[in-house]
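# Structure assessment
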Amino acid sequence: MARAGLNTERLTRAGAELADEVGFDRVTVSALARRFGVKDASLYSHVRSSQDLKTRIALLSLEELADRAAAALAGRAGKDALAAFADAYRDYAREHPGRYAAARLELDPQTARDSAAGRHSQLARAVLRGYDLAEPDETDAVRLLGSTFHGYIALERAGGFQHTSRTSEQSWPRIVDALDALLRNWPAG
């Protein structure tokens, strides 16, 4: 019989909190069981494995991040939308480092299709409508935004910008300015 109060949703949310505290790579069924003071076997009626738990955390994180980005974009266009979109990702990564890492988990193709991952691309394309890019340039621009945001966040989180007098806080708005200028002056293919 399952322990009262434990269910898949509660375990997924607790796993996401654990990821933020100790790192996504350290989330396991055993670690989660210790958090609830139960044996590992108590959780296996709700999650199949540590990989299943991590996938569920990734799906939750993708959904949360898409919701946050959508809310940030509401009523904005052009550079204002670009900055809001960029800040939504960076702020989420700062507030939820484990969940942000989870959102980068490689999912099997069907799970990815069924997840909020597609919303992220749609949101990026919504930002890009203000720049009037046609295909295939729009797809390239979506990839540029994702690469820039995720690359910057990864370097920042790893301490890669701590070795100069210019802070990452000072550079971030300039990065967004540069992206805006590039998108407004997209090179002809």
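Structure first, text after, so check above.
Overview of the structure. The shown structure was predicted, so the numbers you read here are calculated from the model rather than taken from an experiment. (Residues numbered from 1 in each chain as written. Predicted model: local features only at pLDDT ≥ 70, side-chain atom pairs only at ≥ 80, totals over all residues. Heavy atoms only, no water.)

### Looking at helix α7 (residues 117-128)
Its 12 residues place the ends of α7 17 Å apart at the C-alpha level, agreeing with the 16 Å of an ideal helix rising 1.5 Å per residue. Looking at the packing, one finds that the buried side of α7 touches α3 (50-73), α4 (78-95), α8 (137-157) and α9 (168-184). (Helix = DSSP H or I, 4+ residues; strand = E, 2+ residues; numbered from the N terminus. Expected span 1.5 Å × (residues − 1). Contact = heavy atoms within 4.5 Å.)

### Description of the pattern of salt bridges
The tally for this structure, following the rule as stated, stands at 20 salt bridges. Between R48 and D52 there is a salt bridge; the shortest N-O distance is 3.5 Å. What makes R48 exposed here is its relative accessible area of 64%. Overall, D52 belongs to the buried group, its relative accessible area being 9%. Measuring nitrogen to oxygen at the nearest pair gives 2.7 Å for the salt bridge that ties E135 to R125. Linking E135 in the loop between α7 and α8 with R125 in helix α7, this pair joins segments that are 10 residues apart in sequence. (Salt bridge = Lys/Arg side-chain N within 4 Å of Asp/Glu carboxyl O. Buried < 20%, exposed > 50% of the residue type's maximum accessible area, 1.4 Å probe, protein only.)

### Let's talk about the side chain of R90
The residue R90 is located in helix α4 in this model. If we ignore the near neighbours within four places in the chain, the residues touching R90 are Y152, I153, E156, S168, E169 and W172.

### A look at α3
End to end, α3 covers 34 Å across 24 residues, agreeing with the expected 34 Å (1.5 Å per residue, within 8%). By the N-cap criterion, in which a side-chain oxygen at the helix start approaches the backbone nitrogen of a residue two or three places on, α3 is capped by S49, the distance to Q51 being 3.3 Å. (Polar contact = N/O pair within 3.5 Å; in protein donor to acceptor, adjacent residues only side chain to side chain.)

### Comments concerning the nonpolar core
Ranked by internal contacts, the top residues of the largest apolar core, which has 56 residues, are L43, L82, F85, Y89, L128, F149 and L183. Those residues within four positions of F149 in sequence are excluded, and the remaining contacts are L82, F85, A86, Y89, W172 and L179. (Core = buried A, V, L, I, M, F, W, Y, C linked by side-chain atoms within 4.5 Å.)

### A few points about the packing of α3 against α7
Packing of α3 against α7 leaves a shortest axis separation of 9 Å and a crossing angle of 20 degrees. Between α3 and α7, the interaxial angle falls into the category roughly parallel. Handedness of the crossing formed by α3 with α7: left-handed. Here L62, E63, L65, A66, D67, A69, A70 and L73 of α3 come into contact with α7, specifically with A117, R119, H120, L123 and V127. Here the residues of the contact of α3 with α7 sort into 9 nonpolar, 1 polar and 3 charged. (Axes fitted to C-alpha atoms, helices over the stretch in contact; angles between N-to-C directions. Parallel < 35°, antiparallel > 145°, perpendicular 65-115°, else oblique. Left-handed = near helix turned anticlockwise from the far one by under 90°. Nonpolar A, V, L, I, M, F, W, Y, C, P; charged D, E, K, R; others polar.)

### A few points about unusual backbone geometry
Between E135 and P136 the backbone carries a cis peptide bond, its omega angle lying at 0 degrees. Positionally, P136 belongs in the loop between α7 and α8. Phi at D132 is positive, roughly 55 degrees, even though this residue is not glycine. Inspection of the secondary structure puts D132 in the loop between α7 and α8. Looking at D132, the relative accessible area reads 74%, which means it is exposed.

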